[in-house]
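Residue-level structural notes
Here is how the chains run, residue by residue.
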Amino acid sequence: MGTQDEILLQHELEVMAGILESKAQYRKIVKAGIAKWVKDFQDGRIEIKTVDDLKKLIEIDIELQKDEFN
């Protein structure tokens, strides 16, 4: 059995792996939302005055990506 530090490090690595996996799933959801918004816009179901939803999706995607570089 490992030392307390090794056990703690292993736990932290497992937690980080879980967080990264969740973020990857969230990005997939956000990217799908962006793609759907663009498709609806191209099909004329969304008018340019209603871009707030797209803006929010893009901001969420950027925030999720920022953490990848920190």
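Here, the structure is the one placed above.
A short tour of the structure in this document, coming up.

Turning our eyes to something else, we now look at the packing of aromatic side chains. On inspection of all chains with the given rule, the structure shows 1 aromatic pair. Ring centres of tryptophan 37 and phenylalanine 41 lie 5.4 Å apart, and the angle between their planes is 10°; this geometry places the pair in the stacked category. Separated by 4 residues within a single helix, tryptophan 37 and phenylalanine 41 lie in helix H1 (residues 4-42), roughly one turn from each other.

This part is about the pattern of salt bridges. Counted by the stated rule, this structure contains 8 salt bridges. Salt-bridge contacts for aspartate 61 lead to arginine 27; the nearest nitrogen and oxygen are separated by 2.6 Å. Of the two residues, aspartate 61 sits in helix H2 (residues 52-66) while arginine 27 sits in helix H1, which places them 34 residues apart along the sequence. Assigned by exposure class, aspartate 61 and arginine 27 land together as buried. For lysine 56, the salt bridge identified is with aspartate 52, shortest N-O distance 3.3 Å. Note that lysine 56 and aspartate 52 are positioned in helix H2 at a spacing of 4 residues, about one turn of the helix. The class of lysine 56 is partly exposed, set by a relative accessible area of 44%.

Here we take up the packing of H1 against H2. A pair of packed helices is characterised by two quantities: the angle between their axes and the separation of those axes. With their axes 10 Å apart at the nearest point, H1 and H2 run at an angle of 155° to one another. Compared by their axis directions, H1 and H2 come out roughly antiparallel. At the point where H1 passes H2, the crossing takes the left-handed sense. Facing Lys23, Tyr26, Arg27, Val30, Lys31, Gly33, Ile34 and Trp37 of H1, the residues of H2 in contact are Asp53, Leu54, Leu57, Ile58, Ile60, Asp61, Leu64 and Gln65. Classifying every residue of the contact of H1 with H2 by side-chain character gives 9 nonpolar, 2 polar and 5 charged.

We now examine the nonpolar core. Within soluble globular proteins, side chains that are nonpolar generally end up buried alongside one another. Val30, Ile34, Trp37, Ile46, Leu54 and Leu64 form the largest nonpolar core, which has 6 residues in total. Taken together, the elements giving at least two residues each to this core come down to H1 and H2. At 3 residues, H1 tops the list of elements feeding residues into this core.

The next subject is the environment of glutamate 63. Secondary-structure assignment places glutamate 63 in helix H2. You can call glutamate 63 partly exposed: its relative accessible area is 44%. Separated by 36 residues in sequence, glutamate 63 and arginine 27 place their C-alpha atoms 10.0 Å apart.

Thresholds, definitions, all that
Residues numbered from 1 in each chain as written. Predicted model: local features only at pLDDT ≥ 70, side-chain atom pairs only at ≥ 80, totals over all residues. Heavy atoms only, no water. Phe/Tyr/Trp six-rings, centres within 6.5 Å; stacked < 30°, edge-to-face > 60°. Helix = DSSP H or I, 4+ residues; strand = E, 2+ residues; numbered from the N terminus. Salt bridge = Lys/Arg side-chain N within 4 Å of Asp/Glu carboxyl O. Buried < 20%, exposed > 50% of the residue type's maximum accessible area, 1.4 Å probe, protein only. Axes fitted to C-alpha atoms, helices over the stretch in contact; angles between N-to-C directions. Parallel < 35°, antiparallel > 145°, perpendicular 65-115°, else oblique. Left-handed = near helix turned anticlockwise from the far one by under 90°. Contact = heavy atoms within 4.5 Å. Nonpolar A, V, L, I, M, F, W, Y, C, P; charged D, E, K, R; others polar. Core = buried A, V, L, I, M, F, W, Y, C linked by side-chain atoms within 4.5 Å.

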